[in-house]
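What the coordinates show
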Amino acid sequence: MAANVRVRRPATPPPGLPHVAPSSHKYPPIRQDHLSADERREAASKGYGPGRRSHSPGGLNITSGEWKLLAVVLLIALGVRMFRISKPDSVVFDEVHFGKFAARYIKTRYFVDVHPPLAKLLITAAAFLSGFNGDFDFKEIGKVFENVPYVAMRMVPATFGVATIPIAYLTLRALDCRATTALLASIFLTFENGLVTQSRHILLDSPLVFFTALTVFFFVGFSNEDKKEPFTNQWWTWLALTGLSLGAVVSCKWVGLFTIATVGVCTMLQLWLLLGDLRVSPRMWARHFFARVVCLILIPVLFYMIMFQLHFLILGSSGEGDAFMSSEFRQTLGMGMEDTYADVALGSDITIRHLNTQGGYLHSHSHNYPGGSGQQQVTLYPHRDDNNLWRVLNATVNNYEQYDYEHKPIVYIDHGSHIKLRHLVTDRGLHSHEVRPPVSDVDFQNEVSAYGMPGFIGDINDDWVVEIEKGDSSDKESSKRLRTLRTHFKLRHLNTGCYLFSHKVKLPEWGFDQQEVTCNKNAVKENSLWYVETATKHPQLSADAPKVNYKIPGFLSKFWELQQVMWTTNAGLTDRHMYDSRPLTWPRLRRGINFWVKDHRQIYLIGNPFVWWSSTASIITYMIVRGFLLLRAKRGYRDFDNTKVVKYDSLCGFLFVGYCMHYFPFFLMGRQLFLHHYFPALYFAILLNCAVFDLATSTLRPKIRLQIAAILMIIAIITYSKFSSLAYGNPWTKQKCSNAQWVKTWDFACNEFFDDYSQYSGVTVPTLNRSTPMATIGGEPGGRAAIVVEDKLGQDGVVPPEDEQSTAVPIGVPEPGRDVFAKDEQKEIKSQMRISQDVPVNNVDEKEISAATFEPTGAAPEEKKEEVKLQAGGMSATGGSEVQARPEVIGILGKEIEVELGENVEDHRKSHGPLDHEEAIADQVAHELYPEARDVE
């Protein structure tokens, strides 16, 4: 059988042709860049993914042509971000805050902000290297820069804005999207009006978005390396860079925590899949786990703490932020307290601090409550001052004589001691009675005041009982008697039983925004605890009596305390702002933010509607399609067996998780929010928009795909140009502004622009403060007297034409976000000796005024008028606060005394009550003339 088998001889080639090796076309040589079967089996046992031995770093396969294209895009982005960056030459929006912080860094004056320091330090570095000396105060929007390298400072966020563009391109390429898709994302980000506007000013959001994008890029590169082969040098490099970038993003703003959450969710998914892979041993899985813990948790935490260490090293001097920190913290700011005596006895002069709030010291000054008893105010004041000094005396109930502490034996203050506290500067006692406080007007709160006069020993309402709560474990005596800095105690009012109390409630302007002090019958213990900070030498103490001082805190203590202050204050930013918004309105681009209005120009933060709305549509599209695929999977369809579906599901799912993590947490916040909080989520939405484009055009020829992308790019650029005047503060016309209001809630200041561009030629006209139009009614000979009323119909009683009326939404002036830490800067004032005039006045021109002097203690006050001359700057409210001079009507002991402060000041503040005769007539005439205005009101 075998002998009959013939083997065919290969055909002989024709003469003259070279001999071809047999079967060379059937059996190609083994490729050296693939693993053998044994090598693949060994790699799988170590948790390695199948693939080639070598590949591009991070999965980036970028051709030389793409690098040239990316360079062109980078130049375009540079031109868009840097165009006329020197304009305007005045403060814009929150440059009020972040420019001021740079000045504080340069002056080394301590301040507190709700944001971490990295972005502020980078801006400060640019300012310092450009010669800024920190003297400019960035006080208000529209203030012209003087001797400020504001262009260099603005170029820092602008540079970060430019650098975000190539990062987005590389990210999509690393996610295996086509070059056309990556180019589309780059153009969308380049011509996104909101990102352009935000990156051209001294603000923090541009560095935040950049580090968010950088973190995503590094993590995608790490994931690609992890699929190929873990624990290589490249694998460790990408992982460590991801950790550093995470530290940077959270060091710009706490919104970076959402980026950490995004990476954390994806990392947990990776570890979960590795845990289910039986080829990965528990030992190998543990290596994966601890590598991620070190690089994605420890490195970011270390980076974040280093930024605060730099913050503390630079801000070594006392500044406006002192009041928000503990006394131990303030010891490190160059204003440390000297050692003070440990023992407190009758006759000791002490300062008392509130324990639970940062309100400060128990304080009084020579200004009275406008209501209630009308007696002298008692507050909490955050700064060291002579008006914080109180002398401890024995209680004098039942005519008990005053103890002669200078000659008799020393008497320490024990638990249950009955004492009085005498204010040294004004010589009045700490007093409480059954009178409601001016602010916390409730039945269980009593007013606390300073009462008395020189020589008056006081009454029973000046007596307090000391109740020691706890002492320091290192000082046993501090639990038995009052010891400076060691003993926490309460003061119970002897007559009414209420406790001396304070909480985070500020007094109005008449109380100089200082913290309220009351006597609370239902007091929370934490807000009723006090301690003695300083005690002067008692006459009976020896010179070598024991002294104490605060413990100097280390870095970790300072770091943790500052985090608590930032967190508490950030959560407390609940006040409304003229241009704040809620997260539900952000994807729809319902309203922007007015950054700056001046010289018939405006800068208004508004996004590119085409980019914005198409990105929102892609988010909705992904959710619908993903839900549909899940329903099909439940019905037995095997869509997820398709490699194309799996690829785009992973790609879009990753970007969708990033979007959700950066958007939906804002719904849980009750604090003040703005449109720019949406920018990190917008970045993910734009990338997802382009990923959807990549999927939708995946079956088209490259030329057709490029043509569609070109059309989308052109639409984005045209839309950008339509709103570019609002990004750059360029001249614009009222007509173009009105035409650009595609949504009625876009409240552009269209009436601020000129009617024609020719009016801008060589003319710079400052914006005037328009007052309400007025009209004169009556005044005819023999008729009723002339009355001035508000002209609600326009000049000469003619209704303005429709095209001259205001835009749909009432326009407000640009207003920066609130900086609660700067509020007390104007109130850092020292109380002076008591003066006869209790009206807060300073910095007024020399004028003659009629002042009333009174004595709020003892007998009934006696009115007395005398001529007093006030020189400019010669009188301060509680020691130098700049309070604007104006006429006021101040209630003193139930009587209103009118104080006239000259002719050229504002009208009197209107009291809450019935209209006087002239106002009533004016109001009646106005309603008769303009009934439609009354209906609106």
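Note that this is a predicted model, so its numbers are computed, not measured.

What about the pattern of salt bridges?
Within the structure shown, the criterion is met by 29 salt bridges. Two residues, Arg 178 and Asp 694, come together in a salt bridge whose shortest N-O distance is 2.9 Å. Note that Arg 178 is positioned in the loop between α5 (150–174) and α6 (179–190) and Asp 694 in helix α16 (residues 679–696), a separation of 516 residues in sequence. Of the charged contacts in the structure, one is a salt bridge between Asp 277 and Arg 279, with a shortest N-O distance of 3.1 Å.

Quick notes on α16
End to end, α16 covers 25 Å across 18 residues, agreeing with the expected 26 Å (1.5 Å per residue, within 8%). Among the 18 residues that make up α16, 15 are buried, leaving the element largely enclosed by the rest of the structure.

Quick notes on the pairing of strand β8 (residues 445–451)
Walk down a regular strand and you will see the side chains alternate between the two sheet faces. The buried count for β8 comes to seven of seven residues, which makes it a mostly enclosed element. Here strand β7 (residues 428–433) runs beside β8; their pairing, made up of five bridges, is antiparallel. Following the sheet pairing, Leu 430 is matched in β8 by Ala 450. Note: β8 against strand β12 (residues 515–520), three bridges, orientation antiparallel.

A look at the state of the cysteines
A full pass over the atoms with the stated rule returns two disulfides. Covalent S-S linkage joins Cys 498 and Cys 519, the inter-sulfur distance amounting to 2.0 Å. Linking Cys 498 and Cys 519, the disulfide has an S-S dihedral of approximately 100° and is accordingly described as right-handed. Within this pair, whereas Cys 498 is found in the loop between β10 (488–493) and β11 (499–506), its partner Cys 519 is found in strand β12, the two being separated by 21 residues in sequence. Since its relative accessible area comes to 0%, Cys 498 is described here as buried. Two residues share a disulfide in this structure: Cys 737 and Cys 750, whose sulfurs sit 2.0 Å from each other. One disulfide, between Cys 737 and Cys 750, carries an S-S torsion of -75° and so falls in the left-handed class.

Things to note about the packing of α5 against α16
The geometry of α5 relative to α16 is characterised by a closest axis approach of 11 Å and an angle of 45° between their N-to-C directions. Taken together, α5 and α16 sit at an angle that is classed as oblique. The interaxial crossing formed by α5 with α16 has right-handed handedness. Judged by residue contacts, Thr 164, Ile 167, Ala 168, Thr 171 and Leu 172 of α5 engage Tyr 683, Leu 687 and Cys 690 from α16.

Looking at the side chain of Asp 649
Within the element layout of this structure, Asp 649 appears in helix α15 (residues 643–663). On the accessibility criterion, Asp 649 (17% relative accessible area) is buried. If we skip the residues at most four places from it in the chain, Asp 649 touches Tyr 622, Arg 626 and Phe 640.

Thoughts on helix α11 (residues 282–314)
With 33 residues, α11 extends 47 Å from end C-alpha to end C-alpha; this agrees with the ideal 48 Å at 1.5 Å per step. Within α11, the axis deviates most sharply at Leu 298, by approximately 30°, and proline Pro 300 lies no more than four positions further along.

Observations concerning the environment of Thr 332
Turning to its location among the elements, Thr 332 is positioned in the loop between α12 (327–330) and β1 (340–341). Residue class for Thr 332 comes out partly exposed when judged on its relative accessible area of 22%. Sequence-distant contacts of Thr 332, defined by excluding residues within four places in its chain, comprise Gly 316, Ile 552, Pro 553 and Lys 558.

Things to note about the packing of aromatic side chains
The full count for this structure, using the stated rule, is 59 aromatic pairs. Relative to Phe 753, the ring of Trp 732 has its centre 5.5 Å away and its plane inclined at 90°; by these criteria the two rings are edge-to-face. Separated by 21 residues along the polypeptide, Trp 732 in the loop between α17 (702–728) and α18 (734–739) and Phe 753 in the loop between α18 and β17 (774–777) bring together distant segments of the chain. The exposure class of Phe 753 is buried, given its relative accessible area of 2%. On the numbers, 6.3 Å between centres and 35° between planes, the contact of Trp 742 with Trp 746 is tilted. Overall, the relative accessible area of 41% leaves Trp 742 in the partly exposed class. The exposure class assigned to Trp 746 is buried, which follows from its relative accessible area of 0%. Through a chain of ring-to-ring contacts, the aromatic side chains of Phe 258, Trp 586, Trp 612, Tyr 659, Tyr 663, Phe 664, Phe 666, Phe 667, Tyr 678 and Phe 679 assemble into a single cluster. The positively charged end of Lys 143 is found above the aromatic ring belonging to Phe 136, 5.2 Å away from the centroid.

Some points on the nonpolar core
Counting 161 residues, the largest nonpolar core has Phe 138, Phe 211, Phe 595, Leu 655, Tyr 659 and Phe 748 as its most contacted members. Among residues more than four places away in sequence, those in contact with Leu 655 are Leu 175, Phe 684, Leu 687, Leu 688 and Ala 691.

Details of the pairing of strand β15 (residues 593–598)
Counted residue by residue, β15 has six buried out of six residues, so it is predominantly covered. Connecting the antiparallel pair β15 and strand β16 (residues 601–605) is a turn made up of two residues, with Asp 599 showing a positive phi of about 55°.

Here's the deal with the packing of helix α10 (residues 256–275) against α11
In the contact formed by α10 and α11, the axes pass within 10 Å of each other and the chain directions differ by 170°. The orientation of α10 relative to α11 falls into the category roughly antiparallel. Of α11, the residues touching α10 (which contributes Val 263, Thr 267, Gln 270, Leu 271, Leu 274 and Leu 275) are Trp 285, His 288, Phe 289, Arg 292 and Leu 296. When its residues are assigned to classes, the contact of α10 with α11 shows seven nonpolar, three polar and one charged.

Topic: the environment of Asn 133
With respect to the secondary-structure elements, Asn 133 resides in the loop between α4 (118–129) and α5. Residue classification places Asn 133 among the partly exposed positions, given a relative accessible area of 39%. Once the C-alpha coordinates of Asn 133 and Pro 149 are considered, the two residues, 16 residues apart in sequence, prove to be 9.8 Å apart. Those residues within four positions of Asn 133 in sequence are excluded, and the remaining contacts are Ile 106 and Lys 107. Of note is the side chain of Asn 133, whose polar atom sits 3.1 Å from the backbone nitrogen of Asp 135.

Let's talk about the confidence of the model for the chain
Averaged over the chain, the pLDDT score is 80; the fraction of residues at 70 or greater is 75%. Note on residues 774–790: pLDDT is under 50 here. Beyond four places in sequence and across chains, it has 35 contacts. For residues 931–937, every residue scores under 50 in pLDDT, and the model assigns this stretch five contacts once sequence neighbours within four places are set aside.

Focus: unusual backbone geometry
The residue after Lys 87, namely Pro 88, is reached through a cis peptide bond having omega 0°. Following the sequence through the fold, Pro 88 ends up in the loop between α2 (64–82) and α3 (95–107). For Phe 93, which is not glycine, the phi dihedral falls at a positive 45°. Not every positive phi belongs to a glycine, and Thr 108 is a case in point at roughly 60°.

Scoring rules and cut-offs
Residues numbered from 1 in each chain as written. Predicted model: local features only at pLDDT ≥ 70, side-chain atom pairs only at ≥ 80, totals over all residues. Heavy atoms only, no water. Salt bridge = Lys/Arg side-chain N within 4 Å of Asp/Glu carboxyl O. Helix = DSSP H or I, 4+ residues; strand = E, 2+ residues; numbered from the N terminus. Expected span 1.5 Å × (residues − 1). Buried < 20%, exposed > 50% of the residue type's maximum accessible area, 1.4 Å probe, protein only. Pairing = 2+ DSSP bridges. Disulfide = S-S within 2.5 Å. Axes fitted to C-alpha atoms, helices over the stretch in contact; angles between N-to-C directions. Parallel < 35°, antiparallel > 145°, perpendicular 65-115°, else oblique. Left-handed = near helix turned anticlockwise from the far one by under 90°. Contact = heavy atoms within 4.5 Å. Bend = angle between axes of the 7 residues up to and from the residue. Phe/Tyr/Trp six-rings, centres within 6.5 Å; stacked < 30°, edge-to-face > 60°. Lys NZ or Arg CZ within 6 Å of the ring centre and 35° of its normal. Core = buried A, V, L, I, M, F, W, Y, C linked by side-chain atoms within 4.5 Å. Nonpolar A, V, L, I, M, F, W, Y, C, P; charged D, E, K, R; others polar. Polar contact = N/O pair within 3.5 Å; in protein donor to acceptor, adjacent residues only side chain to side chain. pLDDT = per-residue confidence, 0-100.

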